[in-house]
Amino acid sequence: MPVYPSLTHALAEALVGTLWFVEGSEDEQMDSDDAVKVLEGVARLFSQLSGDQRQELMDLLSEMAEAESDPARREFLAGFPEGFSLVEDAS
């Protein structure tokens, strides 16, 4: 039996893990300008998703947050939709 119920879930876990590392990296681990480029690039890509794709990813992130035992990572997952442009601006 696979660890993840779908490829989408596995890829979301991999992406979140990578972004978690990038966001939490110190300057000695990763150049801060490069980190910003990575984070902004992902946010830009997410901003181009359809409404259904955004909702699917937000639902998955919510499931991941509920299952997360690390409080800091759970907080990161909970703030992910807003931090990475998944939530459309109401203005």
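See the structure printed just above.
What you are looking at is a predicted structure, and each value in this text was computed from that prediction instead of being measured.

## Describing the overall build of the protein chain
Along the backbone of the protein chain there are four helices and zero strands. Secondary structure elements in the protein chain, listed N-terminal to C-terminal, are α-α-α-α. Relative to the 2.2 N^0.38 estimate, which gives 12 Å for 91 residues, the radius of gyration of the protein chain is 14 Å and therefore close to what a compact globule would have. Counting only C-alpha atoms and orienting by the principal axes, one finds that the protein chain spans roughly 40 × 35 × 20 Å. Counting only residues that meet the buried cut, the protein chain has 27% of its 91 residues in that class.

## Topic: helix 3 (residues 51-67)
The end-to-end C-alpha separation of helix 3 is 24 Å, in line with the 24 Å expected for 17 residues at 1.5 Å each. Every buried residue belonging to helix 3 is among Arg54, Leu57, Leu60, Leu61, Met64 and Ala65, and all of these are buried. Each buried residue of helix 3 lies within a common arc of 140 degrees when the element is viewed along its axis, so the set occupies one face. Among the exposed residues of helix 3, those pointing more than 90 degrees away from its buried face are Asp52, Glu66 and Ala67. If you follow the buried residues of helix 3, they end up packed against helix 1 (7-24), helix 2 (32-47) and helix 4 (71-83).

## What about the environment of glutamate 40?
Inspection of the secondary structure assignment puts glutamate 40 in helix 2. For glutamate 40, a relative accessible area of 49% corresponds to the partly exposed category. Measuring from C-alpha to C-alpha, the distance between glutamate 40 and leucine 60 comes to 21 Å, with 20 residues separating the pair along the chain.

## Remarks on the nonpolar core
By size, the foremost hydrophobic cluster in this structure holds 19 residues, and its most contacted members are Val16, Leu19, Phe46, Leu61, Met64, Phe80 and Phe84. Every element with two or more residues in this core is listed here: helix 1, helix 2, helix 3 and helix 4. Setting aside residues no more than four positions away along its own chain, phenylalanine 80 makes contact with Val16, Leu19, Phe46, Leu61 and Leu86.

## Regarding the packing of helix 3 against helix 4
Where helix 3 contacts helix 4, the axes come no closer than 9 Å and their chain directions differ by 165 degrees. With respect to helix 4, the element helix 3 is oriented roughly antiparallel. Once helix 3 is placed against helix 4, the crossing between them reads as left-handed. Residues Met58, Leu61, Met64 and Ala65 of helix 3 lie in contact with helix 4, whose contacting residues are Arg74, Leu77, Ala78, Phe80 and Pro81.

## Looking at the packing of helix 1 against helix 2
The N-to-C vectors of helix 1 and helix 2 enclose an angle of 140 degrees; their axes lie 9 Å apart at closest approach. When the axes of helix 1 and helix 2 are compared, the crossing they make is left-handed. Residues Leu15, Leu19, Val22 and Glu23 of helix 1 touch helix 2, and the partners they reach there are Ala35, Val38, Leu39, Val42 and Phe46. Considered class by class, the residues forming the contact of helix 1 with helix 2 number eight nonpolar, no polar and one charged.

Cut-offs applied
- Residues numbered from 1 in each chain as written.
- Predicted model: local features only at pLDDT ≥ 70, side-chain atom pairs only at ≥ 80, totals over all residues.
- Heavy atoms only, no water.
- Helix = DSSP H or I, 4+ residues; strand = E, 2+ residues; numbered from the N terminus.
- Rg over C-alpha atoms; globule rule 2.2 N^0.38 Å.
- Buried < 20%, exposed > 50% of the residue type's maximum accessible area, 1.4 Å probe, protein only.
- Expected span 1.5 Å × (residues − 1).
- Arc of directions from axis to C-beta.
- Contact = heavy atoms within 4.5 Å.
- Core = buried A, V, L, I, M, F, W, Y, C linked by side-chain atoms within 4.5 Å.
- Axes fitted to C-alpha atoms, helices over the stretch in contact; angles between N-to-C directions.
- Parallel < 35°, antiparallel > 145°, perpendicular 65-115°, else oblique.
- Left-handed = near helix turned anticlockwise from the far one by under 90°.
- Nonpolar A, V, L, I, M, F, W, Y, C, P; charged D, E, K, R; others polar.

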